[in-house]
Structures are given as structure tokens and as C-alpha cells.
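Take a look at the letters that make up each chain.
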Amino acid sequence: MVRFKNRWLLVEFLPVPAPTPGRPTPGTQEEITSKQIWSALKQSVIAHFGDTGWGAVGSSLTIKYFSPRTNLCIIRVARDPHKIAWASVALMTAIDGRRYIPHVVHVSGTIKQAQLAAIRHNREIVARYRARAKLPAGYQDSYEEYLQTSAQEIEALQD
């Protein structure tokens, strides 16, 4: 029996603020979905690497997890063409017409390491949100519940 070897990309999509006052602010934008990310990634692979690149990456490319609250995404791709997928993620500029800056946070060979990196990065993102809000230390917010539910969702992922 042959084992399929994969690479796991942990990507954060940072929204680009609208430069003109007539456009909606980033907080009021519609949320993106994993299907839209997959479609944008497919278009990026085809645009930058052609049909040959998509042929190498397409059969193994899947979005295993996406959090619309933190814009954190786990992407699975085969080990051999993972650099094509990585480059295509880095070259993406928009998802469904909305501008985003993709930030590849972590690349790993196992889903377990991707899960641990995702949970760790979620905690960092929530800490940034809390620091930006300048809340008192004892203040209870919905982020604690979110951290628990997202950690459970991420740990439940299967290869």
C-alpha cells in the first residue's frame, strides 16, 4: 500500500483596507468562504504556472479548514508540487474581487504540526485583537469561547 505524502500550508489572509471613502470598510465586507479561496487559488495556479502547474497541483489541492473570523486557512497539497501551490498562494492578490494579502504562516509535513501551528497562531491573533481594543485584564469577551471552539475544530481535522 502506498502512502500519499502531503504538505500542509497554514495561510492567513489579511484584508486590504479600502482606499476610497465610497467603498465599504473591511469590517463590513462579506466573509469569504473556503470554496472562494480554492477557486482563487486555482486561478492563481493557472495564471502563473499554466495548465501544467494546475495538472500537478489540482488533484491534491484541498482547503481543510477556514476560519472567517481570523481568516486563517489550512491547505493540503501533495508533497512534490507543494512549492507551486505555495508560490500561487503568495502571488494571490484578490479573492472573489476583494483584495487580500496572503501570509503563509507555517508549512509542515503532517497535519498534527499544522494543527498545533494553527491553534498557536489563533491565540496570537486574538491577543492582537485584545491589545488593539485595550481591554482591562479581567474583561471577559467572546474570544475565549472562540479559541476553545476553533481549537476543537482544528484538532478534529483528519488527513
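To keep things clear, this report deals only with the structure shown in the data block. By convention here, each chain's residues receive numbers from 1 onward along its written sequence. Local features are withheld for residues below a pLDDT of 70 in this predicted model, meaning they are given only at 70 or higher, and side-chain atom pairs are given and counted only at 80 or more; totals for whole chains, interfaces and linings count all residues. By convention in this description, side-chain values take in all heavy atoms of the structure and omit both hydrogens and water.

**As for the packing of aromatic side chains**
Inference 1: Geometry of aromatic contacts follows a simple scheme: Phe, Tyr and Trp rings, the Trp one being its six-membered ring, pair when their centres are within 6.5 Å, and the pair is stacked under 30 degrees between planes, edge-to-face over 60, tilted otherwise. Taken as a whole and assessed by the stated rule, the structure comprises one aromatic pair.
Inference 2: Seen from their ring centres, Trp 38 and Trp 54 are 5.7 Å apart, and the 75 degrees between their planes marks the pair as edge-to-face.
Inference 3: Burial classification: accessible surface area is computed with a 1.4 Å probe over protein chains only, and a residue below 20% of its type maximum counts as buried, one above 50% as exposed, and the rest as partly exposed. Classification of Trp 38 by relative accessible area gives partly exposed; the value is 30%.

**Considering the pairing of strand S5 (residues 98-108)**
Inference 1: Strand pairing requires that DSSP identify at least two bridges connecting the strands. Segments assigned H or I by DSSP are reported as helices when at least four residues long, segments assigned E as strands when at least two residues long, and all are numbered from the N terminus. Pairing geometry for strand S1 (residues 6-15) and S5, over eight bridges, is antiparallel. Counted as the bridge partner of Pro 15 is Tyr 100 from S5.
Inference 2: Of the strand pairs in this sheet, strand S4 (residues 94-95) and S5 are connected by two bridges, and their pairing is antiparallel. Looking at the pairing, Ala 94 lines up with Arg 99 of S5.
Inference 3: Connecting the antiparallel pair S4 and S5 is a turn made up of two residues, with Asp 96 showing a positive phi of about 55 degrees.

**Overview of unusual backbone geometry**
Inference 1: Its identity is not glycine, yet Asn 71 carries a phi of approximately 55 degrees, on the positive side.
Inference 2: Here Asn 71 shows up in the loop between strand S2 (62-67) and strand S3 (72-78).
Inference 3: Even without glycine at this site, Asp 96 takes up a positive phi of about 55 degrees.
Inference 4: Tracing the backbone through its elements, the reader meets Asp 96 in the loop between S4 and S5.

**Remarks on the sheet that holds S1**
Inference 1: Strands sit in the order S2-S3-S1-S5-S4 across an open sheet of five strands; the sheet is antiparallel. Looking at strand neighbours, the two that pair on one side only are S2 and S4, the edges of this open sheet.
Inference 2: Across the sheet, helix H1 (residues 34-57) lies against S1, S2, S3, S4 and S5, angled at about 150 degrees from S2, the strand it touches most. Every residue pair with non-hydrogen atoms within 4.5 Å of one another is taken to be in contact. Every axis corresponds to a line fitted to the C-alpha atoms, with the helix fit spanning only the stretch in contact, and the corresponding angles, defined between N-to-C directions, vary from 0 to 180 degrees.

**Describing helix H4 (residues 143-155)**
Inference 1: How far a helix is expected to stretch is found by multiplying one less than its residue total by 1.5 Å. Taking 1.5 Å of rise per residue, the 13 residues of H4 would be expected to cover 18 Å, and the 18 Å separating its terminal C-alpha atoms lies within 8% of that figure.
Inference 2: Every buried residue of H4 is accounted for by Tyr 146, Leu 147, Ser 150, Ala 151 and Ile 154. Down the axis of H4, the buried set is contained in an arc of 130 degrees. They therefore lie on one face. The exposed set on the far side of H4, more than 90 degrees from its buried face, consists of Glu 145, Gln 148 and Gln 152.
Inference 3: Elements in contact with the buried residues of H4: S2 and helix H3 (111-133). Read the arc as the range of directions from the helix axis to the C-beta atoms.

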